[in-house]
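Remarks on the overall topology
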Amino acid sequence: MSNDNRFELRMTGSGGQGLILGSIILAEAAIMEGKIVTQSQVYGAEARGGTTKAELVISNKHIAYPKVTDPDLLAAVTNEGLRQYGGGISRKTEVVIDSSAMSTPDFLNEENCRGLLALPIRSTLISRFRSELGLNIALLGIIEGLTAIVDVETLRKAVAMHIKKQFLDLNMKALDLGMEMVEAQAKTGIRI
Amino acid sequence: MSEMRVLMQGNEAVAEGAIAAGVRFYAGYPITPSSEIAEIMAKRMPQVGGTFMQMEDEIASIMAIVGASMAGKKVLTATSGPGFSLMQEGLGYACMVEAPIVILDSMRYGPSTGMATKVSQMDLMQTRWGTHGDHWVIVLSPASVEESYQLTMRAVNLAEKYRNPVIVLSDETISHLREPIDTSIPKAVVDRRLPTEKAGYLPYKTDETLVPTIANVGTGFRTSFTGLVHGESGFQTANGHVAEALVERLRDKLFNNLDDIIQFETDRVEDADILFMSFGITARGVSEAVESLRSHGRKAGSLRFVTLFPFDDDRVRKAAGNARTIVVPELNSGQLVLLVKRVFGDSRKVVPMNKINGDLISPQEILSFIREENL
């Protein structure tokens, strides 16, 4: 959490990928650790197939303005998501993209963001689990790997609260995979 | 554990607040951004021994809750601007028959069907003047998920106490926002007063409270109610004196109790030279802007209307301190500012700040506005 005591996360992608659920899970984990959160999302037809956005603010103290204004972390898993909701970032913002499903954005550079981390999220999920089902949870693993915003065990508890039993094992593995990808970023990730 | 915090969405908090206050009848027609309330009530009402009715439209919805209320149930319906427009006829009727009802209006962008998923504060005046004739309603305005819970509970209690419609005026952002709420919030439940003597019973006879003790339908009392002007018997009359007394009483039963009904939330008003007056979600951007201005040595303060109506000029004047400049940010073209200008006339500089693109007013925008307008 940055020194102004406010961590802002924006996730964007396509409706149905579970990004809103991902933001709710991280919110639950933060609450379990006694933090304050505000979680919001674009709402409506977008959430059912169009471009979607989920936002989360985490703080140790009361959150007055509930929306993200200057994200610490922007995680995008589709080109369209990044195009539509990639604005409003600053040199404070770390950007994560899925390099296996997206082109490298040409508008990001050292001047307008803190860094770009391109990780092959979908292709790695498919090669390991023959499924992209755990994409949102893998993304949570990446966010956790980058920020350690909550304790990993708390995050696991929050995942278990929201994921059906028959999918839990896959999702726990996806969470671990996300964290591993961050650890291994020197080898697989592209940074600017 | 005395405090138990759970993550809850604004709409869920409204439903749970209503249930905590004793609501056991919900009728509605789902509309974005309030739809989750209907969805949740469809599940929760049977669990608590209540009734959920999916109606064919919003006129039927409000009439159903008026009917259920007159039969003794605590009731809720939820809607948004387009549906609230349709409910206006029933709202006037509820004022006239003195039915305790609660309406949740989650404001989206208007006019007409507008933008279903975008926030606004464009229904403020509709809550007050949407239905015809001299009438008085109570309007409460939550600014958070937790307050959605508390104010819905309070709305049910005020409706019962004063036998009057109460509107909880929320908005798309708060409806869909998720925040932790403290589930150990004490529950307060107020029940309407009921008649005890059948002999000489007159449904609209009142004592010094000016609130009638109308028997719930089906409890053996011979009762009558109508939207037409009526005397103590509840039967129609065209007698001008009766009409005048009735409408005066409908006003006075609320205005004699403003201390009980009106709530403001103030922040550092005492020494403020610039004061923000706002309601609902906009107040949260204001709160951060005030913090920022103070940290830069500017004496800023805030007054948030928790109760929007009844709007009492004297109370607003007293709560506003001595700030020379009053800024009124709102997500419409200028509705609250009309009331603020009425209160202060030319004695203060009252500056509207309006945003009508479907987004919130951020703290940064408020700070830029202050700079650009040299306030």
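Residues numbered from 1 in each chain as written. Chains lettered and ligands numbered in written order. Predicted model: local features only at pLDDT ≥ 70, side-chain atom pairs only at ≥ 80, totals over all residues. Heavy atoms only, no water.

1. A word on the domain arrangement of chain B
Residues and elements named next belong to chain B. The domains assigned to chain B are domain 1 (5-182) and domain 2 (265-372). A separation of 26 Å is found between the C-alpha centroids of domain 1 and domain 2. In this complex, domain 1 contributes 29 residues to the contact, which on the side of domain 2 involves 24 residues. When domain 1 packs against domain 2, close to 2100 Å² is buried across both sides, 60% of that on carbon and sulfur atoms. There are 2 salt bridges connecting domain 1 and domain 2. Counting the contacts that link domain 1 with domain 2 gives 15 residue pairs in polar contact (both at pLDDT 80 or more). Elements supplying a minimum of two residues to the side of domain 1 that touches domain 2: strand 5 (102-109), strand 6 (115-119), helix 5 (124-129), strand 7 (138-140), helix 6 (145-162), strand 8 (166-171) and helix 7 (172-176). Ranked by residue count, the leading element in the side of domain 1 that touches domain 2 is helix 5, at 4 residues. Along the lines of polarity and charge, the residues of the side of domain 1 that touches domain 2 split into 17 nonpolar, 6 polar and 6 charged. (Domains from an automatic or database assignment. Contact = heavy atoms within 4.5 Å. Buried area = accessible area lost by both parts, 1.4 Å probe. Salt bridge = Lys/Arg side-chain N within 4 Å of Asp/Glu carboxyl O. Polar contact = N/O pair within 3.5 Å; in protein donor to acceptor, adjacent residues only side chain to side chain. Helix = DSSP H or I, 4+ residues; strand = E, 2+ residues; numbered from the N terminus. Nonpolar A, V, L, I, M, F, W, Y, C, P; charged D, E, K, R; others polar.)

2. Structural notes on the interface of chain B and chain A
The interface of chain B with chain A comprises 24 residues on the first partner and 22 residues on the second. Taking both sides of the interface into account, the surface hidden between chain B and chain A amounts to around 1800 Å²; carbon and sulfur atoms contribute 58%. Together, R5, L7 and R178 of chain B form the three largest contributors to the area buried by chain B at its contact with chain A, with a combined 32%. Here E288 of chain B and R6 of chain A are joined by a salt bridge, their closest N and O atoms 3.2 Å apart. Inspection of the region where chain B meets chain A yields 9 residue pairs in polar contact (both at pLDDT 80 or more). Secondary-structure elements contributing two or more residues to the side of chain B that touches chain A are strand 1 (5-9), helix 7, strand 9 (178-182), helix 10 (282-295) and helix 13 (363-372) of chain B. Across the side of chain B that touches chain A, the residue classes tally to 8 nonpolar, 9 polar and 7 charged.

3. Considerations on the sheet that holds strand 12 (residues 300-305) of chain B
Residue and element names in this part refer to chain B. The 5 strands lie next to each other as 10-12-11-14-15, forming an open sheet whose pairing is mixed. Of all the strands in the sheet, just strand 10 (264-267) and strand 15 (349-354) have a single pairing partner and so form its edges. Neighbour to neighbour, the strand axes of the sheet diverge by 20 degrees on average, direction disregarded. Lying on the sheet, helix 13 is in contact with strand 11 (274-278), strand 14 (325-330) and strand 15; it crosses strand 15 at an angle near 135 degrees. (Pairing = 2+ DSSP bridges. Axes fitted to C-alpha atoms, helices over the stretch in contact; angles between N-to-C directions.)

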